[in-house]
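# Summary of structural features
Chain by chain, the residues:
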Amino acid sequence: MKSPLLSLPGAVPAEGADEGVAAHYGDIFREQRNLAQGTGFVDLSHRGVLTVTGQDRLAWLHLLLTQHVSALAPQEATEALVLSPNGHVEHALYLVDDGTTTWAHVEPGTQEALLGYLESMKFFYRVEVADATAEYAVVHLPAGSTAAVEGAAAVRELPYGRDLFVPRAELAELAAGYGPAAGVWAYEALRIEGHRPRLGFETDHRTIPHEVDWLRTAVHLQKGCYRGQETVARVHNLGRPPRRLVFLHLDGTEETLPPHGTQVRLATEPDGRPLGFVTSSARHHELGPIALAIVKRNVPVDAVLLAGTVPGTQDVIVPQ
């Protein structure tokens, strides 16, 4: 869906996975600084929105998701995954329950497949699942924002801000009260700085939650059985993941950022075998060029890496 906020002054459309909203509004560093200081908003209306209603909704979701949600309190935000039978990440859901409805936003374009899976698992449970993307849009307010949220149907309170589910027909009107607009490039730079993985960026068909630090935020290790739980428990209790997510401080003298998929090697072996790949990169208003990357677990944590031709030092996210 094309956002009406692309008509705002200076809006430059995003491409790829974020098509439909603005990449920026003319000044990416100002937009980042505004968000870091608690002002403005980010249009995330391209994301998918699902709702789950019915008196069994939380107990039913608890059986399907990696997170403990059977006793999820109203207005408490959480995130959860859907795994394959072999424990690989298939979907990431960002959830809140308002007491009668569970709201979730997901990566653009993934809602149809997720809805199909959820519908196939309803059985005798008293639940109704709906794709509400056409009716509701997601807007992000940064931590510290004082913007009024009364027009939102649901709100996810997070350490780094608030996600609002707002009526899509009222998006432009409500956004006018949220402050200056910031594009998804600014949002992504702060996401990378916060080491927050994103489905389809930090993940591929082989990803297990341990590799990208989702054990900390999206997986409950003491809950009952769910699809893929055997892999989660086995790797957590008996082994280590084959790969790990790292944060890279990139050389600021390079003019270009390494895009998603750029191969990562040791700086001491520029012609050596690839040890991983860049998952996300951005220019940060304070840190300069930064990136997230997936590398093999045994890559030394103090090694300087090459993201394509760009050197970078590591911050550990997932321990060896």
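Remember, predicted model here, so these are calculated numbers, not experimental data.

### What about the packing of aromatic side chains?
By the definition in use, this model includes four aromatic pairs. Ring geometry for Phe 124 against Tyr 125: centres 4.7 Å apart, planes inclined by 20 degrees, an arrangement best described as stacked. Look at Tyr 125 and you get partly exposed, because its relative accessible area is 23%. Put simply, the rings of Trp 103, Tyr 136 and Phe 165 touch in pairs and so form one group of aromatic residues. Its guanidinium or amino end placed over the ring of Phe 201, Arg 191 lies 6.0 Å from that ring's centre, counting from NZ or CZ.

### Section: the nonpolar core
Grouped together as the largest cluster of nonpolar side chains are 23 residues, with contacts concentrated most on Leu 81, Trp 214 and Leu 245. Among the secondary structure elements, those contributing two or more residues to this core are strand S5 (78–83), strand S6 (89–97), helix H5 (184–193), strand S13 (243–250), strand S15 (276–284) and strand S16 (288–296). Excluding residues that lie within four positions of it along the chain, Trp 214 makes contacts with Glu 79, Leu 81, Val 89, Ala 92, Tyr 94, Pro 197, Arg 198, Leu 199, Thr 203, Pro 209 and Val 219. Grouped together as the second largest cluster of nonpolar side chains are 21 residues, Leu 58, Ala 80, Ala 104 and Tyr 117 included.

### Topic: helix H1 (residues 28–36)
By the burial criterion, the buried members of H1 are Glu 31, Gln 32, Asn 34 and Leu 35. Burial along H1 is one-sided: seen end-on, the buried residues are contained in an arc of 160 degrees. Phi for Gly 38, located one or two positions after H1, is positive at around 85 degrees.

### Quick word on the side chain of His 91
Relative to the helices and strands, His 91 is located in strand S6. Those residues in contact with His 91 that sit more than four places away from it in its chain are Ala 80, Leu 81, Val 82, Thr 110, Ala 113, Leu 114 and Leu 199.

What counts and how
Residues numbered from 1 in each chain as written. Predicted model: local features only at pLDDT ≥ 70, side-chain atom pairs only at ≥ 80, totals over all residues. Heavy atoms only, no water. Phe/Tyr/Trp six-rings, centres within 6.5 Å; stacked < 30°, edge-to-face > 60°. Buried < 20%, exposed > 50% of the residue type's maximum accessible area, 1.4 Å probe, protein only. Lys NZ or Arg CZ within 6 Å of the ring centre and 35° of its normal. Core = buried A, V, L, I, M, F, W, Y, C linked by side-chain atoms within 4.5 Å. Helix = DSSP H or I, 4+ residues; strand = E, 2+ residues; numbered from the N terminus. Contact = heavy atoms within 4.5 Å. Arc of directions from axis to C-beta.

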